[in-house]
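What the coordinates show
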Amino acid sequence: MKVAIASGKGGTGKTTVAVNLALSLGGVHLLDCDVEEPNCNLFLGLELEKLEYVTCQVPEIDPEKCTLCGKCADFCRYNALAALPSRVLVFPALCHGCGGCGLVCTEGAVREKPGILGILESARSDSSLEFSRGVLNVGEAAATPLIRALQRHIDNSRPAIIDSPPGVACPVLAVIGAADYCVLVTESTPFGFHDFRLALEAVKALKVPFGVVLNRDGLGDSRVEEFCGAKGIPILLRIPDDRRIAQLYSEGIPFVEEMPEWKEKFAGMFSAIRAIMESGEGTE
Ligand code: SF4
Ligand code: SF4
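1. Brief notes about the overall build of the protein chain
Across its full length, the protein chain carries 11 helices and 11 strands. In terms of its C-alpha atoms, the protein chain occupies a principal-axis envelope of roughly 70 × 45 × 35 Å. When burial is assessed residue by residue, the protein chain has 43% of its 284 residues classed as buried. Pairs at least 24 apart in sequence give 74% of the contacts found in the protein chain among residues at least 6 apart.

Structure representation (structure tokens):
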């Protein structure tokens, strides 16, 4: 079972939920797919080993063959090519490796060469937690190919808990779309509610069953709770706005390690997810 932990915006507690859930269950595979800012290991402190470098094919223009027609730059939706009067400029960090520029070039002037997107790393903890993460090179825009490469390392013999990137762009959709269930982490504040609704639309469009974790419960108002109640969306867990939890977070300590009663609550949440999936409910 693959459970994605997502949120409409950063800073809502997505990584906190993913790490504490994984530690509470033990024996799972935790994947940090937030490749632009992989923070899970700040809380785990594991010695990581390289799995592989991930590359994507980026274009190289042959000036001998190029007629400067500009078709390749017109085609590229990622602005990775600029056709100047004297040459075509390539911006490898913006290239998504789709290969389209090579297809539209009728002169055969586009060659491909591998560019390094980032690295995949993994580790195993004493408590048999398996952990893997992707780290996107600074300045690279193409997070999705790195995420897809990391997903190919999912250990299917155990449950996978996947910390997704924040927001609702392509990298998030790649994570949620490949999951069996999505936990949306939010706060009941005006900003939190706004971004939660964006994330909700994305999850519904992907037809992935979902539930909600209310983080910093008690802060803000009851708008998320009322909305979920009206729509029949399950609230799986409430994590209170608690000084001790905040302090442990600031020290890089997963709060289930110091407040073990929470392990049971996270394990209960996972059982509830299993029950929802077995019943075939969970989507509107
Ligand atoms: S499509 Fe081919 S010929 Fe035209 S500008 Fe691009 S590389 Fe040059
Ligand atoms: S491979 Fe695709 S993304 Fe990269 S430069 Fe060519 S058209 Fe743009």
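2. Some details on the nonpolar core
Among the nonpolar cores identified, the biggest contains 83 residues, and Cys 182 and Leu 184 are the most heavily contacted of them. Looking at this core, the element that brings in the most residues is helix α1 (residues 14-25), giving seven residues. Counting the residues that make up this core, at least three belong to each of domain 1 (2-46 + 125-279) and domain 2 (55-116). Beyond its immediate sequence surroundings of up to four residues, Cys 182 is in contact with Ala 4, Ala 6, Ile 176, Val 203, Val 208 and Phe 210.

3. A few points about the packing of helix α5 (residues 143-151) against helix α6 (residues 170-177)
At a minimum axis separation of 8 Å, α5 and α6 run at an interaxial angle of 20 degrees. Compared by their axis directions, α5 and α6 come out roughly parallel. Crossing of α5 over α6 shows right-handed handedness. Seen from α5, the contacting residues are Ala 143, Thr 144, Ile 147 and Arg 148; seen from α6, they are Cys 170, Pro 171, Ala 174 and Val 175. When its residues are assigned to classes, the contact of α5 with α6 shows six nonpolar, one polar and one charged.

4. Observations concerning the site of ligand 1
In the region of ligand 1, 15 residues are neighbours, and Cys 66, Cys 69, Cys 72, Cys 105 and Ala 109 sit closest. For the shell around ligand 1, the residue count by class is 11 nonpolar, two polar and two charged.

5. Some thoughts on unusual backbone geometry
For Asn 79, which is not a glycine, the phi torsion comes out positive at approximately 55 degrees. The residue Lys 207 is not glycine, and still its phi comes out positive at about 55 degrees. Its place among the elements puts Lys 207 in the loop between α7 (190-205) and β10 (210-217). With 9 C-beta atoms counted inside 10 Å, the residue Lys 207 sits in the exposed group.

6. Concerning the sheet that holds strand β8 (residues 160-163)
The strand order β3-β6-β7-β2-β8-β1-β9-β10-β11 describes an open sheet built from nine strands, whose pairing is mixed. Single-partner strands in this sheet number two, and they are β3 (49-61) and β11 (235-240). With strand direction ignored, the average angle separating the axes of adjacent strands in the sheet is 20 degrees. Sheet topology places β3 next to strand β6 (residues 110-124); 12 bridges connect them, and they run antiparallel. Each residue of the ladder has a partner; that of Lys 50, found in β6, is Glu 121.

7. Topic: α1
With 12 residues, α1 extends 17 Å between its outermost C-alpha atoms, agreeing within 8% with the 16 Å of an ideal straight helix rising 1.5 Å per residue. The complete set of buried residues in α1 reads Lys 14, Thr 15, Thr 16, Val 17, Ala 18, Val 19, Asn 20, Leu 21, Ala 22, Leu 23, Ser 24 and Leu 25.

8. Digging into the packing of α1 against helix α11 (residues 261-279)
Running from amino to carboxyl end, α1 crosses α11 at an angle of 95 degrees, the nearest separation of the two axes being 8 Å. As far as their axial angle goes, α11 and α1 are roughly perpendicular. When α1 is examined against α11, the residues Asn 20, Leu 21, Ser 24 and Leu 25 are found in contact with a partner set consisting of Trp 262, Lys 263, Phe 266, Ala 267 and Phe 270. Of the residues belonging to the contact of α1 with α11, the class tally is six nonpolar, two polar and one charged.

9. Section: the domain arrangement of the protein chain
Once the domains are mapped, the protein chain shows domain 1 (2-46 + 125-279) and domain 2 (55-116). A C-alpha centroid distance of 37 Å is found between domain 1 and domain 2. Counting residues at the interface gives six residues for domain 1, matched by seven residues for domain 2. Residues of the side of domain 1 that touches domain 2, tallied by class, amount to three nonpolar, two polar and one charged.

10. Some points on the environment of Ile 235
Tracing the backbone through its elements, the reader meets Ile 235 in strand β11. It is 32 Å that separates the C-alpha atoms of Ile 235 and Ala 149, two residues lying 86 residues apart in sequence. With near-sequence residues (within four places) excluded, Ile 235 lies in contact with Val 212, Leu 214, Glu 225 and Cys 228.

11. Details of the pairing of strand β9 (residues 181-186)
In terms of burial, β9 is a largely internal element, six of the six residues being buried. Residues Tyr 181, Val 183 and Val 185 line one face of β9 and the alternating positions Cys 182, Leu 184 and Thr 186 line the opposite face, and both faces are buried. Sheet topology note: the β9/β10 ladder contains five bridges and is parallel. Residue pairing across strands places Val 185 opposite Val 213, the latter belonging to β10. Read from β9 through α7 to β10, the crossover connection turns out right-handed.

Each value, and the rule that gives it
Residues numbered from 1 in each chain as written. Chains lettered and ligands numbered in written order. Predicted model: local features only at pLDDT ≥ 70, side-chain atom pairs only at ≥ 80, totals over all residues. Helix = DSSP H or I, 4+ residues; strand = E, 2+ residues; numbered from the N terminus. Buried ≥ 20, exposed ≤ 12 C-beta atoms within 10 Å, placed from the backbone. Contact = placed C-beta atoms within 7 Å. Core = buried A, V, L, I, M, F, W, Y, C linked by C-beta atoms within 7 Å. Domains from an automatic or database assignment. Axes fitted to C-alpha atoms, helices over the stretch in contact; angles between N-to-C directions. Parallel < 35°, antiparallel > 145°, perpendicular 65-115°, else oblique. Left-handed = near helix turned anticlockwise from the far one by under 90°. Nonpolar A, V, L, I, M, F, W, Y, C, P; charged D, E, K, R; others polar. Near = placed C-beta within 6 Å. Pairing = 2+ DSSP bridges. Expected span 1.5 Å × (residues − 1). Right-handed = clockwise from strand over helix to strand, strands pointing away.

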